[in-house]
Amino acid sequence: MTGRADAKGAVGAARDGEGYDASPYLPGEDDLRALSEAAAGCRGCPLYRDATRTVFGEGDPGARVVLVGEQPGDQEDRRGHPFVGPAGGVLTRALEEAGIDRTRAYVTNAVKHFKFTAQDRGKKRIHKPPTLREMAACRPWLAAELRVLRPDVVVALGATAGKALLGPSFRVTKERGVLLPFPPAGDGAGAWEGAFAPEEALLLATIHPSAVLRAQDREAMYAGLVADLRVAAGALR
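Residues numbered from 1 in each chain as written. Predicted model: local features only at pLDDT ≥ 70, side-chain atom pairs only at ≥ 80, totals over all residues. Heavy atoms only, no water.

Undergrad: Describe the nonpolar core, naming the residues involved and giving the relevant values.
TA: One finds V68, W141, L146, L165 and F182 to be the most contacted residues of the largest nonpolar core, which totals 37 residues. Counting only elements with at least two residues in this core, the list comes to α2 (32-39), β2 (65-69), α5 (132-149), β6 (153-157), α6 (159-166) and β8 (201-206). Sort the elements by how many residues they give to this core and α5 lands first, with nine residues. (Core = buried A, V, L, I, M, F, W, Y, C linked by side-chain atoms within 4.5 Å. Buried < 20%, exposed > 50% of the residue type's maximum accessible area, 1.4 Å probe, protein only. Helix = DSSP H or I, 4+ residues; strand = E, 2+ residues; numbered from the N terminus.)

Undergrad: How would you explain the environment of H113 if you had to name every residue and give the values?
TA: Considering the arrangement of structural elements, one finds H113 in the loop between β3 (106-109) and β4 (116-119). Looking at H113, the relative accessible area reads 8%, which means it is buried. In this structure the C-alpha to C-alpha distance between H113 and C45, which are 68 residues apart in sequence, comes to 9.5 Å. Apart from residues no more than four positions distant in its own chain, H113 is found in contact with C42, L47, Y48, A51, R53, T54, Q71 and P72. A polar contact of 2.9 Å, which involves the side chain of H113, links it to the side chain of T54. (Contact = heavy atoms within 4.5 Å. Polar contact = N/O pair within 3.5 Å; in protein donor to acceptor, adjacent residues only side chain to side chain.)

Undergrad: Got a sec to walk through the packing of aromatic side chains? Specific residues and values, please.
TA: Each aromatic ring pair is summarised here by two numbers: the centre-to-centre distance and the angle between the ring planes. Tallied over the entire structure, the rule returns two aromatic pairs. Here the basic side chain of R133 rests over the ring of Y20, its NZ or CZ set 3.6 Å away from the ring centre. (Phe/Tyr/Trp six-rings, centres within 6.5 Å; stacked < 30°, edge-to-face > 60°. Lys NZ or Arg CZ within 6 Å of the ring centre and 35° of its normal.)

Undergrad: So what's going on with α2? Residues and values would help.
TA: Taken together, the buried positions of α2 are occupied by L32, A34, L35, A38 and A39. The buried residues of α2 all sit within an arc of 165 degrees when viewed along its axis, so they share a single face. Away from its buried face by more than 90 degrees, α2 exposes R33 and E37. Structurally, α2 contributes buried residues whose contacts are with β3 and α5. (Arc of directions from axis to C-beta.)

Without other data, these values stay purely geometric and don't point to any function.
Structure follows, in structure tokens:
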């Protein structure tokens, strides 16, 4: 009886935006459809209040590669699908050039709700990076996705995804383009317990496709993204 009461209390706290933990909202089964449907009602952190909807991961359920971004953007929030905005277009083109078929991959985000600040009387929504607390709250969804998919390669797109997967000390400028064992050894491994056997998968970090759109030298930035993705493609052969 106590356990059930504790669970109800956890759900209530999460709904009040105080719990910062998505765990109470996970379904009892590891199935992508069940996870996606349950995530639609997630109130595990306050980000759900301003976002239009939860944007869950999508792709091939048998995917050998999972690409993890930061969070949905404005277009993703409005349309309900990951990587369908301008950055998604960059990613699709880069994957094709690197030799990875996006239709056979799975794309998702470390945080499933769009975080933003409103400008121009609310007509314009400017992306705002999630906090470590918000990333930690949403991590159970990402862990569940990886537990179902069990991919060979996980690609962290940008600093936030890298921190979500490897811990707060991660720096994309230092660790990009290199295949690393995943889950990581040490403190970062606990979050992925049950998702993978030790060193079962590989992880590669690279820039987020939106960095290409912001760069002064877009051509050079894009070439770097493609080069990193080619390393991931090589690990899938």
